[in-house]
Amino acid sequence: MFEYTNLIVIGVVTLLVIITIIGLLSRYRKCASDELLIVFGKAGKMKTADGQTVNMSAKIYNGGGTFVIPIIQDYKTMSLRPMEINREITGLSKQNINVTIPFNLITQIGNAEEFRQNAARSFLTANSEEIRGQLESILTGEIRAIMAQMDIEEINGQREQFLKKAKESLEPELNKVGFTIVNLNLSNIKDDANYIENLGKKAATQAQAQAKADIAEQEKLGAVRIATTKKEQAIQLAEQEKEERITVAITTKDTNVQVAQTQQEE
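Residues numbered from 1 in each chain as written. Predicted model: local features only at pLDDT ≥ 70, side-chain atom pairs only at ≥ 80, totals over all residues. Heavy atoms only, no water.

**Student:** How do you make sense of helix α3 (residues 128–147) when you look at a structure like this?
**Tutor:** The α-helix winds at 3.6 residues per turn, so residues separated by three or four positions along the chain end up facing the same way. With 20 residues, α3 should cover 28 Å at 1.5 Å per step; its first-to-last C-alpha distance of 28 Å lies within 8% of that length. Those residues of α3 that sit buried are Ile131, Leu135, Glu136, Ile138, Leu139, Thr140, Glu142, Ile143, Ile146 and Met147. The elements touched by buried residues of α3 are β8 (83–92), β9 (98–109), α2 (113–123), α4 (152–157), α5 (159–176) and β10 (179–186). In this structure Asn127 caps α3, since a side-chain oxygen of it lies 3.1 Å from the backbone nitrogen of Glu129. (Helix = DSSP H or I, 4+ residues; strand = E, 2+ residues; numbered from the N terminus. Expected span 1.5 Å × (residues − 1). Buried < 20%, exposed > 50% of the residue type's maximum accessible area, 1.4 Å probe, protein only. Contact = heavy atoms within 4.5 Å. Polar contact = N/O pair within 3.5 Å; in protein donor to acceptor, adjacent residues only side chain to side chain.)

**Student:** Got a minute to help me understand the packing of α3 against α5 in this structure?
**Tutor:** Helix packing for two helices is described by the angle between their axes and how far apart those axes are. With their axes 9 Å apart at the nearest point, α3 and α5 run at an angle of 140 degrees to one another. Judged by the inter-axis angle, α3 sits oblique to α5. In the crossing of α3 with α5, the sense of the turn from one axis to the other is right-handed. Along the contact surface, α3 presents Leu135, Ile138, Leu139, Glu142, Ile143, Ile146 and Met147, while α5 presents Phe162, Lys165, Ala166, Ser169, Leu170, Glu173 and Leu174. (Axes fitted to C-alpha atoms, helices over the stretch in contact; angles between N-to-C directions. Parallel < 35°, antiparallel > 145°, perpendicular 65-115°, else oblique. Left-handed = near helix turned anticlockwise from the far one by under 90°.)

**Student:** I'm lost on the pattern of salt bridges in this one. Help?
**Tutor:** Under the criterion given, the structure shown has three salt bridges. A salt bridge links Arg81 to Asp34, with the nearest nitrogen and oxygen atoms 3.0 Å apart. Highlighted residues: Arg81 in the loop between β7 (73–79) and β8 and Asp34 in the loop between β1 (28–30) and β2 (35–41), separated in sequence by 47 residues. A residue is classified by how much of its surface remains accessible, and Arg81, at 58% relative accessible area, is exposed. What makes Asp34 partly exposed here is its relative accessible area of 30%. A salt bridge links Lys176 to Glu173, with the nearest nitrogen and oxygen atoms 3.2 Å apart. A residue pair is termed a helical-turn pair when its members lie 3 or 4 positions apart in one helix, as Lys176 and Glu173 do in helix α5 at three residues. Since its relative accessible area comes to 54%, Lys176 is described here as exposed. Taking the relative accessible area as the measure of exposure, Glu173 reaches 25% and is therefore partly exposed. (Salt bridge = Lys/Arg side-chain N within 4 Å of Asp/Glu carboxyl O.)

In structure tokens form, the structure reads like this:
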């Protein structure tokens, strides 16, 4: 009877150990290289960029795995894939004229631990559409703020400078929610008053007038060169004729002298 009881106890303990092992194994979670595994609950501490130690809101893993402790921990995943946002942004320029600029933004969660923590705090329970909407709002707000500081001529004529300002303004705001800029581009700029179109027509008219003026100037210069060349040729011809006459006169004189000398001798 005692041995039978011991067998039962051993069986129960063994069963509990097996259940425990299975339970632990079932709590092992892993993620692919293009996603983050966010373990939250009891997450530990981390050092910030300024050297301070703070409690982490979550432990974050990329392309690996970890045990998620039952009861005190849970997990979710977040995608690391780049997100493309295409948006036409309309805002007022410095002259209070509505300007529309189509933007193409490619963004993703940053590699730094601080960015990933920010992303987890901002979007852990959000779906992709909610994340996209928030990022679009950040993009729109920053671009409109820059538009208000610039004339249409500056926006249209200094696009590289405008794009540089946009990146410098947008990057810190995206970093606050864990994202970074992969690429940012803009395309054709439009405005409600057709100001840019008229600027283009004005520039084309000025270019055409300048071209005609350049042609007239070149024709004038050509005519002057031709007249100058003819004058120089006439002067050279006159000089040659003069030299020839002098040569003939000298030769005639020498001949006459020789004839006179010969006659005298005779």
